[in-house]
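As a plain string of letters, each chain reads:
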Amino acid sequence: MIFKKLKLNINIDDQTFNKLYPEHIKGLSSQHWTPVAVAKIAAKYLADKPDKKILDIGAGAGKFCLVGAASTKGKFYGVEQRSSLVKVSRKIANKYKINNVEFIHSNINETIFTDFDAFYFFNSFYENIDSSCEIDDTVVRDKNLYDVYSNYVREQLDKTPIGTLLVTYWSKWDEIPESFDLMDTAYNGLLNFWRKVS
Ligand SMILES: C[S@@+](CC[C@H](N)C(=O)[O-])C[C@H]1O[C@@H](n2cnc3c(N)ncnc32)[C@H](O)[C@@H]1O
């Protein structure tokens, strides 16, 4: 019912969507997973043509990808370093037969961005510089990693073709190259829409 409603563009609130998740994942939602309304707007901007390949940089429990896949004609890919979250995301996609989504268990610094057409980023590396926003202790967190990962993403985005679209949510903009221009903004500046122009 949840995915049917998303396909029909009927509003779903976060409490309803989060029923898909086990309790401990649900509990992380308000801080770590994109709200449904934000995911819908971001996905619509990124999936401006059918079959566009959209990468979520740090996919968490798959919320952005699952909402995007159900509400647009894009193909969504989520790279996530925590295997437990990849497992949860895949389980939901399989159970509800969301076929235009794929979850990849990997570190973002092993991902080649030119394999994708558009990108979504929800402040994924912040856990390295703020210990109050820990998801779990299964990965190494280190202040240096914030810069290492942000620099990697910036370099990769800089190699994408002119016209590439990017949406950032709660970002400090450290991962955005000069070659991207800000096209629009929403949610009091928290949600930003970018396009590669040079
Ligand atoms: C704020 S959550 C966002 C989740 C998802 N994009 C969403 O909007 O619902 C950030 C996620 O990025 C993941 N992450 C952080 N650093 C990563 C890295 N270097 N490679 C892959 N995933 C990473 C974290 O494990 C976490 O699940």
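Look a little higher up for the structure.
Our subject in this report is the structure included herewith. Since the model is a prediction, treat every value here as computed from it, not as a measurement.

## Some thoughts on the overall build of the protein
Stage number 1. The helix and strand inventory of the protein stands at eight helices and seven strands.
Stage number 2. Against the globule reference of 16 Å for 198 residues, the protein gives a C-alpha radius of gyration of 16 Å, in line with a compact fold.
Stage number 3. By principal-axis analysis of the C-alpha atoms, the protein measures approximately 40 × 40 × 30 Å.
Stage number 4. Contacts spanning at least 24 positions in sequence make up 64% of the contacts within the protein whose residues lie at least 6 apart.
Stage number 5. For the protein, the exposed surface amounts to about 10,100 Å²; the carbon and sulfur share of it is 49%.
Stage number 6. Distance between charge centres in the protein, computed from 26 positive and 25 negative side chains, equals 10 Å.

## Observations regarding unusual backbone geometry
Stage number 1. A positive phi angle is found at Asn-9, which is not glycine, with a value near 60°.
Stage number 2. Structurally, the position occupied by Asn-9 is in the loop between helix H1 (2–7) and helix H2 (14–17).
Stage number 3. Judged by relative accessible area, which is 57%, Asn-9 ranks as exposed.
Stage number 4. Located in the positive-phi region is Trp-173, a residue other than glycine, with phi close to 70°.
Stage number 5. Positionally, Trp-173 belongs in the loop between strand E5 (165–169) and strand E6 (180–186).
Stage number 6. Judged by relative accessible area, Trp-173 falls into the partly exposed class, the value being 40%.

## Topic: the sheet that holds strand E3 (residues 101–105)
Adjacent strands of a sheet form backbone hydrogen bonds with each other and so pair up, either parallel or antiparallel.
Stage number 1. Strand order in this open sheet of seven strands is E3-E2-E1-E4-E5-E7-E6, and the pairing throughout is mixed. Because the sheet does not close on itself, it has two edges, and the strands there are E3 and E6. With strand direction ignored, the average angle separating the axes of adjacent strands in the sheet is 20°.
Stage number 2. Here five bridges tie strand E2 (residues 75–80) to E3, and the two strands are oriented parallel to one another. Paired with Tyr-77 across the two strands is Glu-102, which belongs to E3.
Stage number 3. Helix H6 (residues 63–71) rests against strand E1 (53–57), E2, E3 and strand E4 (118–122) of the sheet, and its axis sits at about 175° to E2.
Stage number 4. Here helix H7 (residues 83–95) sits on the sheet in contact with E2 and E3, set at roughly 160° to E3.

## Section: helix H8 (residues 143–158)
Stage number 1. In this model H8 runs 24 Å from its N-terminal to its C-terminal C-alpha over 16 residues, within 8% of the 22 Å that 1.5 Å per residue would give.
Stage number 2. The complete set of buried residues in H8 reads Leu-145, Tyr-146, Tyr-149, Ser-150, Tyr-152, Val-153, Gln-156 and Leu-157. Looking down the long axis of H8, one finds its buried residues gathered within 160° of arc, a one-sided arrangement. Opposite the buried face of H8, at more than 90 degrees from it, the exposed residues are Lys-143 and Asn-144.
Stage number 3. Against the buried residues of H8 lie E1, E4, E5, E6 and strand E7 (191–196).

## Describing the site of the ligand
Stage number 1. In the vicinity of the ligand lie 23 residues, with Thr-34, Asp-56, Gly-58, Glu-80 and Arg-82 positioned nearest.
Stage number 2. At a separation of 2.7 Å, a nitrogen atom of the ligand approaches a polar backbone atom of Gly-58.
Stage number 3. Between an oxygen atom of the ligand and a side-chain N or O atom of Ser-124, the distance comes to 3.4 Å.
Stage number 4. When the free accessible area of the ligand is taken as 600 Å², the share hidden by the protein chains comes to 98%.
Stage number 5. Judged by the proximity of its atoms to the pocket grid, the ligand belongs to the largest pocket.
Stage number 6. For the shell around the ligand, the residue count by class is ten nonpolar, eight polar and five charged.

Conventions used here
Residues numbered from 1 in each chain as written. Predicted model: local features only at pLDDT ≥ 70, side-chain atom pairs only at ≥ 80, totals over all residues. Heavy atoms only, no water. Helix = DSSP H or I, 4+ residues; strand = E, 2+ residues; numbered from the N terminus. Rg over C-alpha atoms; globule rule 2.2 N^0.38 Å. Contact = heavy atoms within 4.5 Å. Areas by Shrake-Rupley, 256 points an atom, 1.4 Å probe, with all protein chains shown as cover. Lys, Arg positive; Asp, Glu negative; His and termini not counted. Charge placed at Lys NZ, Arg CZ, Asp CG, Glu CD. Buried < 20%, exposed > 50% of the residue type's maximum accessible area, 1.4 Å probe, protein only. Pairing = 2+ DSSP bridges. Axes fitted to C-alpha atoms, helices over the stretch in contact; angles between N-to-C directions. Expected span 1.5 Å × (residues − 1). Arc of directions from axis to C-beta. Near = heavy atom within 4 Å. Polar contact = N/O pair within 3.5 Å; in protein donor to acceptor, adjacent residues only side chain to side chain. 1 Å grid on protein atoms, 1.4 Å probe; cavity = no way out; pocket = protein on both sides within 12 Å on 5 of 7 lines; lining within 4 Å. Sits in = over half its atoms within 2 Å of the grid points. Nonpolar A, V, L, I, M, F, W, Y, C, P; charged D, E, K, R; others polar.

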